[in-house]
Amino acid sequence: MSPEASSVPRSLAEALRARDDASLAALLRDRPDLIAPVPTDLTQLATRAGTRASVLRALEHLDRFTLQTAQALAVAPDPATYDTLHELLAGDDGDPAVDEALPGAVAALRRQALIWGDDDRLHLVRTARELLAPSAQHPSPTGLGPTVREATSGMSPGRVQQIVNTAGLPSTHDPVSAVTALTGLFADRKRMDALLDGAPEAAREVLTRLMWGPPYGQVTADPATHLRWLLDRGLLLPTAPGTVVLPREVALHLRGGRAHRVPEPVPPAVEPAVAHAPQIVDATGAGQAYTALATIEDLLKHWDQGGPAVLRAGGLSVRDLKRTAVALDAPEPLAAFWIELAYAAGLLASDGAADERYAPTPAYDTWLERPVAERWGRLAAAWLAATRTAGLIGGRDIKDRALSTLGPGLDRSAAPEVRHRVLTLLAGLPAGVAPAPEAVLSRLTWERPLRTPQRDGTEDLRVRLARWALSEAELLGVTGRGALSSHGRALLGAAPDPEGASPAAGASTATAVGLLAPLLPEPLDHVLLQADLTAVAPGPLLRPLAETLGVLADVESKGGATVYRFTPASVRRALDAGQTAADLHAFLAQHSRTPVPQPLAYLIDDVARRHGHLRVGVASAYVRCDDDAVLNEIIADKRAGALRLRRLAPTVLAAPCDPATLLEGLRALGYAPAAESAQGDVLIVRSDTHRTPPRTAPEPVPEGPPPADTVLLTAAVRAIRAGDLAATAPLKAPGPAPTGADLPRTSAADTLATMQAAVMTGEAVWIGYVNADGAASQRVVAPIRVEGGFVTAYDHTADEVRTYPLHRITGVAELAED
């Protein structure tokens, strides 16, 4: 055999064996499922690369033209030449775009071990051919049908000879040569043109309808004359009673040699739709970022005393979602997004109590103390990495169960990668330029084409993820008016890298925060008090001022300026929190740019004068007051009948309800009671008392095995090479070399003698070894010493010194000198 012939790989394993380490590492990086766990040798790696699950995963990560290239190879002979493949994609007339893109597509398929062999003998992996080749049950996107040989496999020899004779070919001595002659006729352009020149016009119309697929049609038991003409010449072949198919060779002739109706070697361009000044985009994004922060704060403040209960199956009930949406003044899908974002950032979790409820986490308090831009950075980074997808809420899972907010079943592993890709496409445009959303979706569909339609008729998941990514990026201020903002462009480096986590993710977030900070409004230390018992905050307030004012007054409206309204209930709330009337007067005088209106001062003094005049404690509950006239007034009030109060002493009333109910009832009557402890001290009630135990943010759910880093890839390649050396090492012993499944077998005495001889000569030997779990392996080792029933040797397979019990070594063989 010539050296050239011997260098031609005969299998995928041999093709992988001819690769260098860098090429193997690239394969393992592109298909991380192949090293989970690390294969023992290259034969096992090739076997794993050809499994159905692994091939499916690899095909789903191909772009449209590379997938079209694989589909063309699936309908080509095996093996096929590069020229044959080129003709299937470019057709008889050629296509310059295909000429330029095809080498890259073939290289990508070869790099991912989906094809192997040189350009004159290209083999598509058998599993990929089975998945992509056309069949009646699984039509190919090419629209092609079976070959003449496949379609005539069940036909009688006499019928095959009749077709050959009618088509103008001489009779043959057997069906195989007859099918070969018919296939040669259909593949010959000139002879096929001559044959079709004599076809009836109606017959040509039938061929035109079937040409681009589907290639199957129905005929009656007594077909029309033009159909009979096609059937007699094999241009249509029967596949079942009443069903005919257009053979692949005939369809390719009619198509001008093209396997696809529209090859797409060039990705769709993401064309600009509208351009804005970059400063406007940044300002719009900054405004959206501040609104996002305010919404998250409002949400968690609303749940400060303990949020909604956790459903038994997990998640938030529909009713609680509606209540939260009303509190946030937002549609339910938008409220669900904010809730999921707070959860992804670790600011919200369940408290784990017996009566389990959602509440802010301790991390929320720490988050509140950070500067505004840093708070946004945490939210944006959490959004980029989260696999939980709020857009799915309200839908159904595969078991037809409703998907609820904060519930199970919302993780979609592709979400981070889609968000990253969407932002990358936006970053490819000039600053301030926004594309049309459909252009972005078209590009993403080309990069990851949908191979199977959705059963429910909905859009592909990746398309929906991209739509949600565009809208969510706008809500968070990553984009402004559809264009990527400067801080969003910086944040892009914090998004997940397809080859692993970016080491500069933290630096990218810090850069984005630094760009956003100057664009955010400076917090104010003052408000404007008005005579109608309102206060106007003309911008964002400093946190201590906002917190105190939020207790002392109720938010009446939001926007560029926030309006707070003072009411008796809100003033009483501040007094319950431990403030005094003097404290409130001093606070307002200090932080108001306008004089404190007299009605507001009167309101505070009036509520403070009555606050605590009544005391509610535990009896089940009691009311005490130094002024018995006030108690007489309460008992005489018909509205207090539901409280069932009775007098225990001139200054004490008792009630069978709990203190909280009694407090609310008296406040509803217009009084301002204060709660007291068992020792008679006034209880100070604060609004931020409920927090969950320390919680970590939910971990993203990866798509398949995590990408391997360079260190793991280097070690994996070295281990595979060493294992392959053990499996393919030539032996001195006569007879055929054992395969990967066979272990050397020698007696205990021969094993010991060979090991001792190898220690003295320093040569490596080939051993079979069975570990404590019963797993068998083969290794190339260089024995160092043999004593006490153990062999200490340098293991070339593991690249380290190991000790092996002699009784676990099945046998030993010497390696050939070369």
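Everything that follows concerns the structure shown earlier in this document.
Starting afresh in each chain, residues are numbered from 1 along the sequence in its written order. Per-residue local features are limited, in this predicted model, to residues with pLDDT of at least 70; the limit for side-chain atom pairs, both in listing and counting, is 80 or more; totals at the level of whole chains, interfaces and linings are taken over all residues. Side-chain measures here rest on the full set of heavy atoms in the structure, leaving out hydrogens and waters.

J.: Hey, could you run me through the overall build of the protein chain in this one?
T.: Secondary structure summary: the protein chain contains 34 helices and 25 strands in total. Projected onto its principal axes, the C-alpha positions of the protein chain cover 125 × 90 × 55 Å. Classification of the 818 residues of the protein chain by burial places 46% in the buried group. Contacts are residue-level and defined by heavy atoms, with any inter-residue pair within 4.5 Å sufficient. Relative to all contacts within the protein chain whose residues are 6 or more apart in sequence, the contacts with residues 24 or more apart total 65%. Surface accessibility in these figures is a Shrake-Rupley result with a 1.4 Å probe; residues are shielded only by whichever protein chains are displayed. Counting only carbon and sulfur atoms, one obtains 55% of the accessible surface of the protein chain, whose full area is about 39,300 Å². Helix numbers and strand numbers start at the N terminus; a helix is a DSSP run of H or I with at least 4 residues, a strand a run of E with at least 2. Burial status follows relative accessibility: with a 1.4 Å probe on protein chains alone, a residue under 20% of its type maximum counts as buried, one over 50% as exposed, and anything between as partly exposed.

J.: Is there a simple way to explain the sheet that holds strand β23 (residues 790-795) in this structure?
T.: In a beta sheet, neighbouring strands are held together by backbone hydrogen bonds and run either parallel or antiparallel to one another. Whether two strands pair comes down to DSSP finding at least two bridges between them. Read across the open sheet, the five strands follow the order β24-β23-β22-β21-β25; overall the sheet is antiparallel. For this open sheet the edge positions go to β24 (800-805) and β25 (809-814), each flanked by a neighbour on one side alone. Mean inter-strand twist for the sheet, computed between neighbouring axes without regard to direction, equals 45°. Both strand β22 (residues 776-787) and β23 contribute to a ladder of six bridges, which runs antiparallel. Bridged to P783 within β23 is A793. Those strands touched by helix α34 (residues 748-761) are β21 (765-770), β22, β23 and β25, and its axis lies near 65° from that of β22. Comment: axis = line fitted to C-alpha atoms, over the contacting stretch for helices; angle = value between 0 and 180 degrees taken between N-to-C directions.

J.: Help me understand the side chain of T387 in this model?
T.: For T387, the position within the fold is in the loop between α21 (372-385) and α22 (415-427). Here the side chain of T387 touches D411 through a polar contact of 2.6 Å, side chain to side chain. Excluding anything up to four places from it in sequence, T387 contacts L410, D411, R412, S413, A415, P416, P700 and V701. Counted as a polar contact is a pair of N or O atoms within 3.5 Å, where, for protein atoms, one must be capable of donating a hydrogen and the other of accepting one, and residues adjacent in sequence contribute only when both atoms are in side chains.

J.: Just checking my understanding: could you explain the packing of helix α7 (residues 82-90) against helix α8 (residues 96-111) for this structure?
T.: Two packed helices can be described by the angle between their axes and the distance between those axes. Where α7 contacts α8, the two axes come as close as 11 Å, and the packing angle between them is 125°. Relative to α8, the element α7 is oriented oblique. Where α7 crosses over α8, the handedness of that crossing is right-handed. Touching Y82, L85, H86, L89 and A90 of α7 are V98, D99, L102, P103 and V106, all from α8. Small angles under 35 degrees read as roughly parallel and large ones over 145 as roughly antiparallel, with 65 to 115 read as roughly perpendicular and the rest as oblique. What makes a crossing left-handed is the near helix being turned counterclockwise from the far one by less than a right angle; a clockwise turn instead makes it right-handed.

J.: Where do I start with the pattern of salt bridges in this structure?
T.: Where side chains of opposite charge bring their charged atoms close, a pairing between them can arise. Salt bridges are defined as contacts in which a side-chain nitrogen from Lys or Arg sits within 4 Å of a carboxyl oxygen from Asp or Glu. Taken as a whole and assessed by the stated rule, the structure comprises 37 salt bridges. Between R443 and E447 there is a salt bridge whose closest N-O contact spans 3.2 Å. One end of the pair is R443 and the other is E447, both in helix α23 (residues 437-447) and four residues apart, which spans about a single turn. What you see here is one network of salt bridges that share partners, running through R572, D576, E664 and R667.

J.: Is there a simple way to explain the packing of helix α11 (residues 157-166) against helix α12 (residues 175-187) in this structure?
T.: One way to put it is that α11 packs onto α12 with a least axis distance of 10 Å and a crossing angle of 30°. By the angle between their axes, α11 is roughly parallel relative to α12. Remark: the crossing between α11 and α12 carries left-handed chirality. Of the residues in α12, those touching α11 at P157, V160, Q161, I163 and V164 are P175, A178, V179 and L182. Residue classes in the contact of α11 with α12 are distributed as eight nonpolar, one polar and no charged. Classification used: nonpolar for Ala, Val, Leu, Ile, Met, Phe, Trp, Tyr, Cys and Pro, charged for Asp, Glu, Lys and Arg, polar for all others including Gly.

J.: I'm lost on the nonpolar core in this one. Help?
T.: Nonpolar side chains tend to gather and get buried jointly when the protein is soluble and globular. The biggest cluster of nonpolar side chains holds 91 residues, and the ones touching the most others in it are L16, L28, L45, F186, L235 and L236. Sort the elements by how many residues they give to this core and helix α6 (residues 64-75) lands first, with seven residues. Beyond its immediate stretch of four places on either side in the chain, L235 contacts F186, M192, L195, L196, L207, W229, L230, V245, L246, P247 and V250. Nonpolar cores were defined as sets of buried Ala, Val, Leu, Ile, Met, Phe, Trp, Tyr and Cys residues, with membership established by side-chain atoms within 4.5 Å. Core analysis: the second largest hydrophobic core is formed by 72 residues, V270, L426, V463 and A512 among them.

J.: Please explain the pairing of strand β13 (residues 534-537) as it appears in this structure.
T.: Looking along a regular strand, one sees the side chains alternate between the two faces of the sheet. Because side chains alternate across β13, one face comprises the buried residues T534 and V536, and the other comprises A535 and A537, equally buried. Here strand β12 (residues 528-530) runs beside β13; their pairing, made up of three bridges, is antiparallel. Bridge assignment links L529 to a residue of β13, and that residue is A535. Connecting β12 to the next strand, β13, in antiparallel fashion are three residues, including L533 with a positive phi near 60°.

J.: Would you take a moment to explain α6 for this structure?
T.: Compared with an ideal rise of 1.5 Å per residue, which puts 12 residues at 16 Å, α6 spans 17 Å between its outermost C-alpha atoms and is within 8% of the ideal. Listed in full, the buried residues belonging to α6 are F65, T66, L67, Q68, T69, A70, Q71, A72, L73, A74 and V75. Of the residues that open α6, the one with a side-chain oxygen 3.1 Å from the backbone nitrogen of F65 is D63. Take the residue count of a helix, subtract one, and multiply by 1.5 Å to get its expected span.

J.: Any chance you could explain the pairing of strand β14 (residues 554-557) here in plain terms?
T.: Pairing between β14 and strand β15 (residues 562-565): three bridges, direction antiparallel. Its bridge partner being in β15, S557 is matched across the sheet by V563.

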